[in-house]
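# Secondary and tertiary structure notes
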Amino acid sequence: RRIATVTEVPIDAFASVPEPTPTDLAEFHKSNEQQFTAPERRAVAYIHLSPDDFAKRIVVSQDDLVAAFEDRAEEFGIPETRKTLQMVVSEEEQAKTASERLAAGQEFAAVASEVAGQTSKSIDLGEISTQDLPEDLSLAVFKLAADQVSKPIKGPFGWHIFKVEKINAGRKATLDDVRERLNMELAREKAVDDVYKAANNLEDAIGAGANFESAAAKLGLELKSVPAIDARGHDAEEKPIEGLPANPFVETVFTSGIDEPGVLTESEDGGFFILRVESVTPSALQPLEDVKKQVAEAWKRHKRAELSEARAKDVASAIESGRELKDIAKAPSKEATVTEPFTRGTGVAQTRLPFSVVSDLFEFKTAGKVAVGRSGNGYIVAKLEEIQPAQSLKDVDGYRGLAQKLRAKISGDLLYQYNQALRDRHGASVNNALLEQLFTDNNQFGGNR
């Protein structure tokens, strides 16, 4: 396992960079074709039977609301909440020091700042219920009285100390507390029946030879259309298209042929849709003249990232030479974070460090070496502080479980490679939409499988 000291050099979105020349734009456009290639887009017409839309037409009576509320009164109880402060430190000695200072009457925020390096904002958990904390921590917090401070508690992220500032007692809910929620739930329940009836009628109409337009008109349904949609569900301006049916709508759009007869399909939200692809615009590189503004903006972002990367490497070089972070002028932050010990396998998830940085840290043979890697809107600088030798595995059951997982993983990889080789050799392909139809009930309202 390894321990690292981490700091970040963010990319300055307003850093001054020169305007790109025509040559700069042409070269950047050519070397980043994928970035400026418009995805395949399709125009589609569809009918959507949405439970939420049907629910809006339903009026739930007061009697039904009262009956449902009385049946589910236990479910609607309003739990006790507590306005709570939390301090977290990594070492037990720090927790003891903080606890002693709090017992002596010092302010929680002041102790948290000096011992844990936390701000008044970071210690404030707000109003929490028992469900908002891990069970062992929750039990301790909800035993405290108002203005009482807990003893240090060992938790998943270190040693925790809590202070309860205010207690809001739980109570039984009234109908007015849950009227809106209950009304929506009952309306949606009733809407499901209406959706299935409409789906049956729509399938009968389409099966009898009606086209989308006449079927929608006959049943009082709305025929909707989207002039351009890509495989992410975005429009021609790269914006998410609102109000589309849930999965597998977009997938179905891109596995259907032009003017192919649609199949009524159930969506993940309990609704149904049927669609017709009307045209396909293939993926193509957009001419530089059409995307000159986007290319210029991307070029500037790239240059700003280069400036940040160079600064991060200068900081890394200074750290590796033995200088303290506080003495490095180019370091934007004078504070660093020390990670918990991590392994090669858990490093990314545990520390949130980039994979390239974790990989470099495990390539280093001695402490003191520094890795640099891109992470979101900045560059991470990580100094290897300590190398902890691997320990022999004493957990036999854990070893067996790991071995089973590795065998399953290798078997899966081999099977995938074998299938891929067969497809490449014989030109086979898999039509997932057809398989879906073969193994599900085509007549979803009473037909045989």
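Criteria and cut-off values
- Residues numbered from 1 in each chain as written.
- Predicted model: local features only at pLDDT ≥ 70, side-chain atom pairs only at ≥ 80, totals over all residues.
- Heavy atoms only, no water.
- Helix = DSSP H or I, 4+ residues; strand = E, 2+ residues; numbered from the N terminus.
- Rg over C-alpha atoms; globule rule 2.2 N^0.38 Å.
- Buried < 20%, exposed > 50% of the residue type's maximum accessible area, 1.4 Å probe, protein only.
- Contact = heavy atoms within 4.5 Å.
- Areas by Shrake-Rupley, 256 points an atom, 1.4 Å probe, with all protein chains shown as cover.
- Lys, Arg positive; Asp, Glu negative; His and termini not counted.
- Charge placed at Lys NZ, Arg CZ, Asp CG, Glu CD.
- Core = buried A, V, L, I, M, F, W, Y, C linked by side-chain atoms within 4.5 Å.
- Axes fitted to C-alpha atoms, helices over the stretch in contact; angles between N-to-C directions.
- Parallel < 35°, antiparallel > 145°, perpendicular 65-115°, else oblique.
- Nonpolar A, V, L, I, M, F, W, Y, C, P; charged D, E, K, R; others polar.
- Pairing = 2+ DSSP bridges.
- Polar contact = N/O pair within 3.5 Å; in protein donor to acceptor, adjacent residues only side chain to side chain.
- Salt bridge = Lys/Arg side-chain N within 4 Å of Asp/Glu carboxyl O.

### Regarding the overall build of the chain
- On a plain count of helices and strands, the chain comes out with 14 helices and 14 strands.
- The C-alpha atoms of the chain give a radius of gyration of 30 Å, which is well past the 22 Å a tight globule of 449 residues would have.
- Judged by the C-alpha coordinates and their principal axes, the chain covers about 80 × 70 × 55 Å.
- A burial count over the chain gives 33% of its 449 residues as buried.
- Of the contacts formed within the chain by residues at least 6 apart in sequence, a portion of 65% connects residues at least 24 apart.
- Carbon and sulfur atoms make up 51% of the accessible area of the chain, which totals about 28100 Å².
- The distance from the centre of the 56 positive side-chain charges to the centre of the 73 negative ones in the chain is 6 Å.

### A few points about the side chain of D230
- Here D230 shows up in the loop between strand 8 (223-229) and helix 9 (249-253).
- Apart from the residues lying within four places of it in its own chain, the contact partners of D230 are P39, E40, R41, E238, V250 and F254.

### Overview of unusual backbone geometry
- Looking along the chain, the bond that leaves N247 and enters P248 is cis, with omega of 10 degrees.
- Along the chain, the position of P248 falls in the loop between strand 8 and helix 9.
- You will see that D259, though not glycine, has its phi angle at about 60 degrees, which is positive.
- Of note, D259 is situated in the loop between helix 9 and strand 9 (265-266).
- The backbone of R352 sits at a positive phi, close to 65 degrees, despite the residue not being glycine.
- A relative accessible area of 69% means that R352 is categorised as exposed.

### Observations regarding the nonpolar core
- Membership of the largest hydrophobic core comes to 29 residues, with the highest contact counts inside it found for I47, L49, F54, L182, L202 and L221.
- Elements supplying a minimum of two residues to this core: strand 3 (41-49), helix 2 (51-55), helix 3 (62-71), helix 7 (175-207), helix 8 (212-219) and strand 10 (272-281).
- With eleven residues, the single largest contributor to this core is helix 7.
- Not counting residues up to four positions away in its chain, the partners in contact with L202 are I47, L49, A215, L219, L221, L264 and I274.

### Points about the packing of helix 1 (residues 22-31) against helix 10 (residues 292-320)
- Axis separation between helix 1 and helix 10 bottoms out at 10 Å; the angle between their running directions is 90 degrees. Taken together, helix 1 and helix 10 sit at an angle that is classed as roughly perpendicular. Across from D24, L25, F28 and H29 in helix 1, the residues of helix 10 making contact are K292, V295, A296, A298, W299 and H302.
- Looking at the contact of helix 1 with helix 10 residue by residue, the classes come out as six nonpolar, two polar and two charged.

### Things to note about the pairing of strand 1 (residues 2-10)
- Taking burial as the measure, the nine residues of strand 1 include seven buried ones, the bulk of the element.
- Both strand 1 and strand 14 (residues 378-387) contribute to a ladder of nine bridges, which runs antiparallel. Each bridged residue has a counterpart across the sheet, and for E8 the counterpart in strand 14 is I380.
- In this structure, strand 1 lies alongside strand 12 (residues 337-338), joined through two bridges in antiparallel fashion. Paired with T5 across the two strands is V338, which belongs to strand 12.

### Some remarks on the pairing of strand 3
- Strand 3 sits mainly inside the fold: nine of its nine residues count as buried.
- Side-chain alternation along strand 3 places R41, A43, A45, I47 and L49 on one buried face and R42, V44, Y46 and H48 on a second face that is also buried.
- Sheet topology places strand 3 next to strand 10; nine bridges connect them, and they run antiparallel. Among the inter-strand pairings, V44 is bridged to a residue of strand 10, identified as V277.

### Overview of the environment of R82
- Tracing the backbone through its elements, the reader meets R82 in strand 4 (residues 81-89).
- Sequence separation between R82 and R344 is 262 residues, and the spatial gap between their C-alpha atoms is 40 Å.
- The residues contacting R82, other than those within four sequence positions of it, are G126, E127, I128, V141, F142, K143, L144, V164, K166 and I167.
- Among the polar contacts made by the side chain of R82, one reaches the side chain of E80 at a distance of 2.6 Å.

### Examining the pattern of salt bridges
- On inspection of all chains with the given rule, the structure shows 26 salt bridges.
- Of the charged contacts, one joins K239 and E237 as a salt bridge, the two residues approaching to 3.8 Å between their closest N and O atoms.
- For K239, a relative accessible area of 49% corresponds to the partly exposed category.
- A salt bridge links K326 to D327; its shortest N-O distance comes to 3.5 Å.
- Each member of the salt-bridge network shares a partner with another, and the members are R41, D230, R232 and E238.

### So, the sheet that holds strand 4
- Taken in spatial order, the four strands make up an open sheet running 5-4-7-6, and their pairing is antiparallel. Only two strands of the sheet have a single partner each, and these edge strands are strand 5 (124-128) and strand 6 (153-155). Strand after strand, the sheet turns through a mean of 40 degrees between neighbouring axes, direction not considered.
- In this structure, strand 4 lies alongside strand 5, joined through four bridges in antiparallel fashion. Bridged to T84 within strand 5 is G126.
- In this fold helix 4 (residues 92-103) packs onto strand 4 and strand 7 (158-168), with an angle of close to 35 degrees to the strand it touches most, strand 7.
- Packed onto the sheet, helix 5 (residues 108-116) meets strand 4 and strand 7 and runs at close to 25 degrees relative to strand 4.

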